[in-house]
Amino acid sequence: MMGPATDFTPDELMVSALAHTLRDGERVMHGVASMIPVIAIQLARATHAPGLICVNLEGIDARPSRYALTTEYFALAEGATKTSNLLRLFEYAQRGLIDAAFFSGAQIDRLGNVNTSAIGEDYERPKVRLTGGAGQAILCHTVGRIIIWLPRHERNRLPESVDFITLPGHHPNVKRRMDRVVTNLAVMDFEPQSGAMRLVSIHPGVTIEEIQDNTGFDLILPDTIPTTKPPTGEEITLLRTRVDPQGIRKQGM
Amino acid sequence: MDKLATLSQAAELVRDGDVLAISGSFFESVPMALIREVIRQGKRDLKIIVSAHGIAVDILVGAGCVREVSGAYIGFEGYGLAPNFRRAVEQGTLEFNESACFAISSGLRAAAWGLPFLPIKGLFGSDLLLRHAEYKPYTWDGEEVMLVPALKPTVALVHGRRADSAGNVQIAGAGWDEVIAEAADRVIVTVEEIVPEEEIRRTPERTTFPGFLTTAVAEAPYGAHPAGSPGLYDFDEAHVLEYLEAGKTSDGFRSYLNRYVYEAPTHDQYLEAAGGVKRIFALRI
């Protein structure tokens, strides 16, 4: 086992931090437009979680040889044990067969609400009409836990409250767990009592001031703030040579 | 019964005001040749029901064919937002009835099964519920579920891999496509290839839906372009980028439509405009 890498890029750190949230033997899914989690899942499978099974729109437990900036791509079914599709993925989730899911959004607030619908005060005439959350409002109730990935940790992306709740962070009917928020600057989770976002670790080279300046609300801070475990040398080598030699993760940021 | 039609005859079966469901998703099995013909024929006031879609919805909206979209995700994934869709909603010229994927597909499933509604898990706590009074919470044996009403398209537009002249259609890896064909009143199909009936009978395990669901079927090789067809050809990434660039302004998009739709009045002429044999063949998988 090689030690920590000294030379890595922000996308590689984020992919590695997301991979570390997964455990061997789990069944994991990702959303659309999600190349960072797609690569993180394959990295986890190539390192600490060889029995991890990815379920997505194209296939189950596939071995893709290449990628495009879409999750509806034939190569995502290469070497799969079964082809999959939109309905199948949701049906497995309804049945409770998906342990973990990766989602993202344009905004995530202090209580973990995610907005993928519209920016602005008037939903009917928004400043920016976004894509919509695809399956988020359903899947957030039916998967075991949720990991949010956010490539740009900025004030307007982490506001006190979102303009529109596409995916509710906490709700009495919601049995699953908001597990982690992984950004390009830090890793966060949610305090169980209040449901409020809490800092877990800051990425190497990032300061606590930088994080507070780029967050639109007061994060709960632990007494001592650890540094996010950097990618190992093995992870970086695998990423660059075997898991993602094409470098799609860079475009996914 | 012979269901064979030309592309133009097939598109004529779409009427102004129809409720359209569309096959495929972002970049695979999208009935783009059929959609371009619908645009050429100047159809108006269409309502669209999709789950996660991109170019099919965006081009119809940009061409002024659409009054309302029901959907859960309209965009181009990692390539960007849907330019015409976004502009139309922001300017208030298009109604977007936003929901979530499984709520929409379950509404279609209910229609496919002849049911008034289906129960699903989810949606609680989402602001989407503020916009859907028709979704009703219901408690069964202590478990709270959501009842979503049937969604009934009048027309399904489908692009498949192959079919015979009776409209028995084979599509690779199609969950959604099967449901919309079962849910719709009329099913209009294009395929990469029309094959003899014996070929379908030799491979019935590949048939996605039977001919009695099909209203008309037309042959349109590379008919999903610039989307791809699983097992045959990849989507055309360069063309998608060109589309998105053109879509940045209404004028730019008008030029795109002129070049690829109005001034290319047949599918063959479209393929020529899109780069011809050499470019199209380079997409083969």
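Residues numbered from 1 in each chain as written. Chains lettered and ligands numbered in written order. Predicted model: local features only at pLDDT ≥ 70, side-chain atom pairs only at ≥ 80, totals over all residues.

1. Notes on the domain arrangement of chain B
(1) Moving on: Per the domain assignment, the segments of chain B are domain 1 (7-99 + 153-281) and domain 2 (116-149).
(2) Moving on: Its C-alpha centre places domain 1 of chain B at a distance of 31 Å from the equivalent point of domain 2 of chain B. (Domains from an automatic or database assignment.)

2. A look at the interface of chain A and chain B
(1) Moving on: Every contact between the two is made by 41 residues of chain A and, on the other side, 44 residues of chain B.
(2) Moving on: Those elements that provide at least two residues to the side of chain A that touches chain B are helix 3 (86-94), helix 4 (136-142) and helix 7 (248-252) of chain A. (Contact = placed C-beta atoms within 7 Å. Helix = DSSP H or I, 4+ residues; strand = E, 2+ residues; numbered from the N terminus.)

3. With respect to unusual backbone geometry
All names here are of chain B.
(1) Moving on: That bond from H225 to P226 is cis: its omega, 10 degrees, falls within 30 degrees of zero.
(2) Moving on: With respect to the helices and strands, P226 occurs in the loop between strand 14 (216-219) and helix 8 (237-246).
(3) Moving on: Phi angles above zero are rare outside glycine, and L123 is one such case at about 80 degrees.
(4) Moving on: Note that L123 resides in the loop between strand 7 (117-120) and strand 8 (136-140).
(5) Moving on: Overall, L123 belongs to the buried group, with 24 C-beta atoms counted inside 10 Å. (Buried ≥ 20, exposed ≤ 12 C-beta atoms within 10 Å, placed from the backbone.)

4. A few points about the sheet that holds strand 9 (residues 143-149) of chain B
Residue and element names in this part refer to chain B.
(1) Moving on: In space, the three strands of this open sheet follow the order 7-9-8, with antiparallel pairing throughout. The strands lining the two open edges of the sheet, one partner per strand, are strand 7 and strand 8. On average, each strand axis in the sheet is tilted by 40 degrees relative to the strand beside it, whichever way the strands run.
(2) Moving on: Relative to strand 9, strand 7 runs antiparallel, the two sharing four bridges. The residue of strand 9 that forms the bridge with L118 is V148.
(3) Moving on: Against the sheet, helix 5 (residues 101-112) makes contact with strand 7 and strand 9, and its axis sits at roughly 145 degrees relative to strand 7, the strand it touches most. (Pairing = 2+ DSSP bridges. Axes fitted to C-alpha atoms, helices over the stretch in contact; angles between N-to-C directions.)

5. Points about the confidence of the model for chain B
It should be kept in mind that the predicted coordinates are not to be read in detail where pLDDT is low.
(1) Moving on: Overall, the predicted model of chain B reaches an average pLDDT of 97, with 100% of residues at or above 70.
(2) Moving on: Reported confidence for the predicted complex is 0.94 by ipTM and 0.96 by pTM. (pLDDT = per-residue confidence, 0-100.)

6. Some remarks on the pairing of strand 8 of chain B
Residues and elements named next belong to chain B.
(1) Moving on: Across the five residues that make up strand 8, only a small minority, zero, are buried.
(2) Moving on: For strand 8 and strand 9, the ladder comprises five bridges, and the chain directions are antiparallel. Residue pairing for strand 9: Y138 is matched across the bridge by V145.
(3) Moving on: The turn joining strand 8 and strand 9, which pair antiparallel and follow one another in sequence, is formed by two residues; a positive phi near 55 degrees is taken by D141.

7. Here's the deal with the environment of N85 of chain A
(1) Moving on: Looking at the element boundaries, N85 of chain A is found in the loop between strand 4 (82-83) and helix 3.
(2) Moving on: N85 of chain A gets classed as buried once you count the C-beta atoms within 10 Å, which come to 21.
(3) Moving on: Counting along the chain gives 27 residues from N85 of chain A to E58 of chain A, while the straight-line C-alpha distance between them is 5.5 Å.
(4) Moving on: Contacts of N85 of chain A, omitting those with residues within four sequence positions, involve L57 of chain A together with G173, A174, G175 and W176 of chain B.

8. Quick look at the domain arrangement of chain A
All names here are of chain A.
(1) Moving on: The domain boundaries assigned to chain A delineate domain 1 (1-97 + 229-246) and domain 2 (110-222).
(2) Moving on: Computed from C-alpha coordinates alone, the two centres of domain 1 and domain 2 are separated by 22 Å.
(3) Moving on: Each partner contributes to the interface: domain 1 provides 16 residues, whereas domain 2 provides 16 residues.
(4) Moving on: Listed by contribution, the elements that provide at least two residues to the side of domain 1 that touches domain 2 are helix 1 (10-19), helix 2 (35-46) and helix 3.
(5) Moving on: Counting residues per element, the side of domain 1 that touches domain 2 draws most heavily on helix 1, at five residues.
(6) Moving on: When grouped by side-chain class, the residues that make up the side of domain 1 that touches domain 2 number 12 nonpolar, four polar and no charged. (Nonpolar A, V, L, I, M, F, W, Y, C, P; charged D, E, K, R; others polar.)

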